[in-house]
Amino acid sequence: MEIQMDQTKWYDRIWAAFIFFTRLPFWRLHEPPKECYKTVVEHWPLTGWLTGGAMAATLYFGSLVMPYPIVVVSAIVVRLLITGALHEDGLADFFDGFGGGGKDRQRILDIMKDSHIGTYGVLGLIVYFMLMFGILISLKPMLAALTILAADPYSKMVTSELIIMLPYARTEETAKNKTIYRKIEWKAGVSLAIQGLLPMVAYLWYTELAWEFVIFLPCLVMYFLYLLIWRRIHGYTGDCCGAVCLLVELAVYLVVCALLANPNA
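What you see is a predicted model; the values in this text were computed from it and never measured. (Residues numbered from 1 in each chain as written. Predicted model: local features only at pLDDT ≥ 70, side-chain atom pairs only at ≥ 80, totals over all residues. Heavy atoms only, no water.)

Regarding the packing of helix α7 (residues 119-138) against helix α12 (residues 238-261)
We count it as follows: Axis definition: a line fitted to C-alpha atoms, over the contacting stretch in the case of helices. Angles run 0 to 180 degrees between N-to-C directions. Comment: elements are numbered from the N terminus, with helices defined as DSSP H or I runs of at least four residues and strands as E runs of at least two. Two helices cross in a left-handed way if the nearer one is turned anticlockwise from the farther one by less than a right angle. They cross in a right-handed way if the turn is clockwise. Here, two residues are considered to be in contact whenever any of their heavy atoms come within 4.5 Å of each other. Under the convention adopted here, Pro, Cys and the residues Ala, Val, Leu, Ile, Met, Phe, Trp and Tyr are nonpolar, Asp, Glu, Lys and Arg are charged, and Gly plus all remaining residues are polar.
Remark: α7 packs on α12, axes separated minimally by 10 Å, with the N-to-C direction vectors making an angle of 35°. The way α7 lies across α12 gives a crossing that is left-handed. Contact residues: Tyr128, Leu131, Met132, Ile135 and Ser138 in α7; Leu246, Glu249, Leu250, Tyr253, Leu254 and Cys257 in α12. Split into classes, the residues belonging to the contact of α7 with α12 amount to nine nonpolar, one polar and one charged.

Here it is, written out as structure tokens:
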């Protein structure tokens with residue numbers, strides 16, 4: 001399988017990532033080999049350039065012609081439409097599983113695989129979207145758009161560390177998408193760092209925000225979530241990746257808001 005994987009083209013692997021992580025009809029133009037879908041996490045931050053860019057463009061340009069609260073909601077909806085709420089579904093399942101499954105590993109996995117949303121999932125999504133809306137509406141349109149452009153790829157890059165740090169919690173046969181991501185090697189790790197850090201570095205240079213807080217505090221959030229996931233189910237799932245991605249991104253927004261509220265920090 002590894003030999004076959006090495007024979008796949010880099011552009012096929014990137015194309016597979018855009019097909020996997022968005023609902024845009026890229027597959028109508030080209031269908032990459034099935035093996036490429038095992039590498040999609042290696043190009044996950046690159047898809048964030050698209051989803052974050054669409055969300056940021058909607059927010060900034062929409063603010064020129066419409067009331068800002070409506071534009072913020074529209075920007076969130078645009079990203080939901082592009083991704084098919086893939087990560088939000090993972091966040092709801094994560095809250096349901098870890099909230100209602102107790103310390104029973106198999107029960108947590110079964111709840112996360114259940115297609116029905118429970119109380120914890122509903123409450124988790126409500127709180128998440130309330131915080132997202134509150135943070136974005138508190139920022140000026142240009143700064144909010146730039147923060148989205150930086151936070152989306154960065155959160156995906158940070159979350160990809162779960163694939164390195166944890167084994168997959170299920171088998172390939174019981175996986176929701178019937179695919180287990182391959183382990184990330186050093187070359188893919190360098191590529192991930194470039195994809196995720198390039199927009200963030202440009203953002204921090206432009207805004208002159210305290211980089212040590214914006215960079216490291218969201219990583220700390222990821223680390224605590226990693227510890228929780230490891231202790232409860234001893235491995236990651238796709239739902240875990242989606243949930244951690246959104247929570248790390250939210251942490252970036254919260255840090256930015258805190259820094260702006262206390263510019264001397």
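A word on the environment of Arg231
Within the fold, Arg231 resides in helix α11 (residues 211-233). Residues Arg231 and Arg105 lie 126 residues apart in sequence; the distance between their C-alpha atoms is 9.1 Å.

Concerning the pattern of salt bridges
Here is the rule: By convention in these notes, a salt bridge is any Lys or Arg side-chain nitrogen within 4 Å of a carboxyl oxygen on Asp or Glu. For each residue, the accessible area found with a 1.4 Å probe, counting protein chains only, is set against the maximum for its type, and the residue is called buried under 20%, exposed over 50%, and partly exposed in between.
Under the counting rule described, the total for this entry stands at four salt bridges. Of the charged contacts, one joins Arg182 and Glu42 as a salt bridge, the two residues approaching to 2.7 Å between their closest N and O atoms. Of this pair, Arg182 sits in the loop between α9 (161-165) and α10 (186-207) while Glu42 sits in the loop between α2 (10-21) and α3 (44-62), and the two are 140 residues apart along the sequence. Overall, Arg182 belongs to the buried group, its relative accessible area being 19%. Glu42 sits in the buried class, given a relative accessible area of 6%. For Asp152, the salt bridge is made with Lys156, and the minimal N-O distance between the two is 2.4 Å. A residue pair is termed a helical-turn pair when its members lie 3 or 4 positions apart in one helix, as Asp152 and Lys156 do in helix α8 (residues 141-159) at four residues.

A closer look at the side chain of Thr237
Considering the arrangement of structural elements, one finds Thr237 in the loop between α11 and α12. Dropping the residues within four chain positions of it, Thr237 is found in contact with Leu109, Met112, Tyr168, Ala169 and Arg170.

Considerations on unusual backbone geometry
Of note, the phi angle at Ala85 is positive, near 55°, even though the residue is not glycine. Locating Ala85 in the fold gives a position in the loop between α4 (68-83) and α5 (86-100). One non-glycine residue, His234, lies in positive phi territory at about 55°. Looking at where His234 falls in the secondary structure, it is placed in the loop between α11 and α12.

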